[in-house]
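The lines below spell out each chain.
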Amino acid sequence: MRSVFLIASDELRYWCRSKMAWTVLLLLLLVSVCATVVSNAEISLRTQERLKQQADSDAIFQAQPDRHPHRMVHYGHYVYRPASPLAVIDPGIDSMVGTTIFLEGHRQNTATFAAARETGLLARFGNFSPAFVLQSLAPLLLILCGFASVTREKENNTLYQLIGQGTGKGSLLLGKSLALGLPTLLALLPLLLLGLIATDNDDFDFRQSLPILLLAYFVYLAFWVLVIVSVSALVRTSAQSLSLLLALWMVSIVLMPRISSTTANEVIPSLSQTETNLRIAEAMRSEGDGHNIEDSAFDDLRSRTLEEYGVERIEALPFNYRGFVALRAEDADTEVLNRFAEERMAVELEQKQVIDSFSLLSPLIAIRAFSMALTGTALQDHHHFLRAAEDYRHNMVQSFNRLQMTGMTLADDLARNQDAESGLRTRLDASNWSEMPVFELQPLAHSQRWQSSASTGLTLVLWLLAAVALLLFSAKRMLP
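Residues numbered from 1 in each chain as written. Predicted model: local features only at pLDDT ≥ 70, side-chain atom pairs only at ≥ 80, totals over all residues. Heavy atoms only, no water.

A. Region of the structure containing the overall build of the protein. When you go through the protein residue by residue, the secondary structure sums to 20 helices and two strands. Taking 480 residues into account, the globule formula puts the C-alpha radius of gyration at 23 Å, and the protein, at 30 Å, lies well above it. Overall size of the protein, expressed as C-alpha extent along the three principal axes, is 105 × 40 × 35 Å. By the burial criterion, 50% of the 480 residues in the protein qualify as buried. Sequence separation of at least 24 residues holds for 81% of the intrachain contacts in the protein that already meet a minimum separation of 6. Accessible surface computed for the protein: about 23,400 Å², of which carbon and sulfur atoms make up 60%. Counting 40 positive and 49 negative side-chain charges, the protein places the averaged centre of each group 15 Å from the other. (Helix = DSSP H or I, 4+ residues; strand = E, 2+ residues; numbered from the N terminus. Rg over C-alpha atoms; globule rule 2.2 N^0.38 Å. Buried < 20%, exposed > 50% of the residue type's maximum accessible area, 1.4 Å probe, protein only. Contact = heavy atoms within 4.5 Å. Areas by Shrake-Rupley, 256 points an atom, 1.4 Å probe, with all protein chains shown as cover. Lys, Arg positive; Asp, Glu negative; His and termini not counted. Charge placed at Lys NZ, Arg CZ, Asp CG, Glu CD.)

In structure tokens form, the structure reads like this:
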């Protein structure tokens, strides 16, 4: 073991004398720090903006004057998805999907205002965040720093001397790997500090995810360290080592993620928004128009209701039949909307599973999926927001429909557009919506995030074991 540390210390002394090595190492640390600062500032700004916009939206909604309840159904309300505390480390898909939804009766609107759509194609390559630096840039910088770690000894004819002095090939490669692994710890330090600061007032167990996340990134970078040293041991020249490692980086970091997403879209095709809207409109047409109590779709409802209350006319019912129809129609519409929404989310999850299967071909895909799941910025978290927003929308609309059902007579409701006085009789007090509960999104629990990331975490471990096996193989087959 002593020889391993001697080799590592000798490698570090060489880097101290090498301007290129110093430049690369300082660049790695500088980029990590810059990504930390930029990401923290950006996510903090977005968080404050969303909180302010949600507060403004709540205030505007609650400040509406006396209105007919169904006016409020169509007036609608905005809800905003709050950012995860660990989004400062990995924004995940947050910049690709919307974070704002307009809620209104009879329809489910999509999330809007995705940051990537506002900032152009460059943002789609990846956010400048600690996750992006560690996933994509750190392996490249490690390659530039360590591609000649063993080939340099061959080209300088010092490899024979080391082996002749009793240094084992395994000890040599472990020492080189140890030296190259030290910069990875420096690159992880800003991430650790940022995570601790971000989760300082954590109420949702995100701090429990932080050490697991750090360990995952260490495993990922350790894989690259072992591969770099192994390739350098297996080839004869530094030029060959650099070319092979850069090709590996290009395939793993640049090509495979694009291939995986393209394959997922081809294998699991999804309908366009226009096609989906047409299907929804067709399905909802058969449910009847909740604004028209004479719609034939409600004939059975009318008969059952009259029979239940023992009356012959809807005017004799103890409530506003028009509000009752709106209540039942909204339930039926929501059932249709939820069915199509769940179908769409199921397709998206199937596409994600196809992409995740490519983690066996690229460690980047594995660490990306694992990181997003633990930081609460994955697809499942977006779906969680959509479901929570829909539950809030349905409850909000139905509360207004119940007000219409109980707060006025059918005669007044039918005559509300005849004159100004008739309209005033159907306007309910503004306190009914000023007391509406505000939208609060509870993030997924740590156990749920951990469970969804387990498979890709296992894949990361398999990649590390494969790198260890490659290191052992290269120790036996090291070219002189």
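The rest of the description comes next.
B. Representation of helix H14 (residues 321-357) within the structure. The end-to-end C-alpha separation of H14 is 54 Å, in line with the 54 Å expected for 37 residues at 1.5 Å each. If you check the start of H14, you find a side-chain oxygen 3.0 Å away from the backbone N of Arg322, and it comes from Asn320. (Expected span 1.5 Å × (residues − 1). Polar contact = N/O pair within 3.5 Å; in protein donor to acceptor, adjacent residues only side chain to side chain.)

C. Spotlight on the environment of Val4. Positionally, Val4 belongs in helix H1 (residues 2-17). Sequence separation between Val4 and Ala179 is 175 residues; the distance between their C-alpha atoms is 9.6 Å.

D. Looking closely at the pattern of salt bridges. This model, assessed by the stated rule, comprises 18 salt bridges. Taking the shortest distance from any N to any O, the salt bridge between Glu342 and Arg387 comes out at 3.0 Å. With a gap of 45 residues between them, Glu342 in helix H14 and Arg387 in helix H16 (residues 379-406) connect regions that are remote in the sequence. Since its relative accessible area comes to 35%, Glu342 is described here as partly exposed. In this structure, Glu348 and Arg344 form a salt bridge, with 3.9 Å as the shortest nitrogen-oxygen distance. On the criterion of helical spacing, the pair formed by Glu348 and Arg344 is a turn pair, its members being four residues apart in helix H14. For Arg344, a relative accessible area of 32% translates into the label partly exposed. The network of salt bridges with shared partners includes Arg152, Glu153 and Lys176. (Salt bridge = Lys/Arg side-chain N within 4 Å of Asp/Glu carboxyl O.)

E. Layout of the packing of helix H13 (residues 299-309) against H14. Put simply, H13 and H14 touch, their axes get as near as 12 Å, and they point 125 degrees apart. Here H13 is positioned oblique relative to H14, judged by the angle of their axes. When the axes of H13 and H14 are compared, the crossing they make is right-handed. Across from Leu301, Arg302 and Thr305 in H13, the residues of H14 making contact are Tyr321, Phe324, Val325 and Arg328. The class makeup of the residues in the contact of H13 with H14 is four nonpolar, one polar and two charged. (Axes fitted to C-alpha atoms, helices over the stretch in contact; angles between N-to-C directions. Parallel < 35°, antiparallel > 145°, perpendicular 65-115°, else oblique. Left-handed = near helix turned anticlockwise from the far one by under 90°. Nonpolar A, V, L, I, M, F, W, Y, C, P; charged D, E, K, R; others polar.)

F. Main features of a nonpolar patch on the surface. A contiguous nonpolar patch, built from Phe5, Leu178, Leu182, Leu185, Leu215 and Phe218 and spanning about 540 Å² of accessible area, is present on the exposed surface. Residue assignment for the nonpolar patch shows that the elements contributing at least two residues are helix H9 (169-198) and helix H10 (206-234). Of note, Leu215 is situated in helix H10. Accessibility expressed as a relative area gives 54% for Leu215, which makes it exposed. (Patch = residues over 30% accessible without salt bridge, like charges linked within 9 Å, V, L, I, M, F, W, Y side chains within 5 Å.)

G. Here's a closer look at the packing of helix H12 (residues 273-285) against H14. Two numbers describe how H12 lies on H14: the axes approach to 10 Å, and their chain directions differ by 150 degrees. In terms of axis orientation, H12 runs roughly antiparallel to H14. Here the hand of the crossing between H12 and H14 comes out right-handed. Along its contact with H12, which presents Arg279, Ile280, Ala283 and Met284, the element H14 presents Asp333, Val336, Leu337, Arg339, Phe340 and Glu343. Residues that form the contact of H12 with H14 fall into these classes: six nonpolar, no polar and four charged.

H. Representation of the environment of Glu42. When you line up the elements, Glu42 lands in helix H2 (residues 19-62). Overall, the relative accessible area of 31% leaves Glu42 in the partly exposed class. Remark: the alpha-carbon pair of Glu42 and Asp356, spanning 314 residues in sequence, is separated by 28 Å.

I. Looking closely at the state of the cysteines. As enumerated under the stated definition, the model contains zero disulfides in all. We note that Cys34 lacks a disulfide partner, and the nearest cysteine sulfur, in Cys145, lies 19 Å from it. Residue class for Cys145 comes out buried when judged on its relative accessible area of 10%. (Disulfide = S-S within 2.5 Å.)

J. Quick look at the side chain of Lys176. Within the secondary structure, Lys176 sits in helix H9. Within polar-contact distance, the side chain of Lys176 engages the backbone oxygen of Ser149 at 3.0 Å. Not counting chain neighbours up to four residues away, the residues in contact with Lys176 comprise Ile7, Glu11, Ser149, Val150, Arg152, Glu153 and Val229.

K. Broad picture of helix H20 (residues 446-476). With 31 residues, H20 should cover 45 Å at 1.5 Å per step; its first-to-last C-alpha distance of 43 Å lies within 8% of that length. The principal kink in H20, of about 50 degrees, is found at Ala454. Residues of H20 that are buried: His446, Arg449, Ser453, Thr456, Gly457, Thr459, Leu460, Trp463, Ala467, Leu471, Ser474 and Ala475. Here the buried face of H20 lies against H9, H10, H14, helix H15 (363-375) and H16. (Bend = angle between axes of the 7 residues up to and from the residue.)

L. Spatial organisation of the packing of aromatic side chains. Per the stated rule, a full pass over the model turns up 11 aromatic pairs. Relative to Phe319, the ring of Tyr309 has its centre 5.3 Å away and its plane inclined at 75 degrees; by these criteria the two rings are edge-to-face. On the criterion of sequence distance, the pair formed by Tyr309 in helix H13 and Phe319 in the loop between H13 and H14 is long-range, its members being 10 residues apart. Taking the relative accessible area as the measure of exposure, Tyr309 reaches 39% and is therefore partly exposed. Residue classification places Phe319 among the buried positions, given a relative accessible area of 12%. Where Phe400 meets Trp433, the ring centres are 6.0 Å apart and the plane angle is 75 degrees; that geometry is what we call edge-to-face. Remark: Trp433 occurs in helix H19 (residues 431-434) and Phe400 occurs in helix H16; sequence separation between them is 33 residues. Taken together, Tyr309, Phe319, Tyr321 and Phe324 form an aromatic cluster joined through their ring pairs. When the ring centre of Phe206 is taken as origin, the NZ or CZ atom of Arg449, which lies over that ring, is 3.9 Å away. (Phe/Tyr/Trp six-rings, centres within 6.5 Å; stacked < 30°, edge-to-face > 60°. Lys NZ or Arg CZ within 6 Å of the ring centre and 35° of its normal.)

These values are about where atoms sit, not about what they do.
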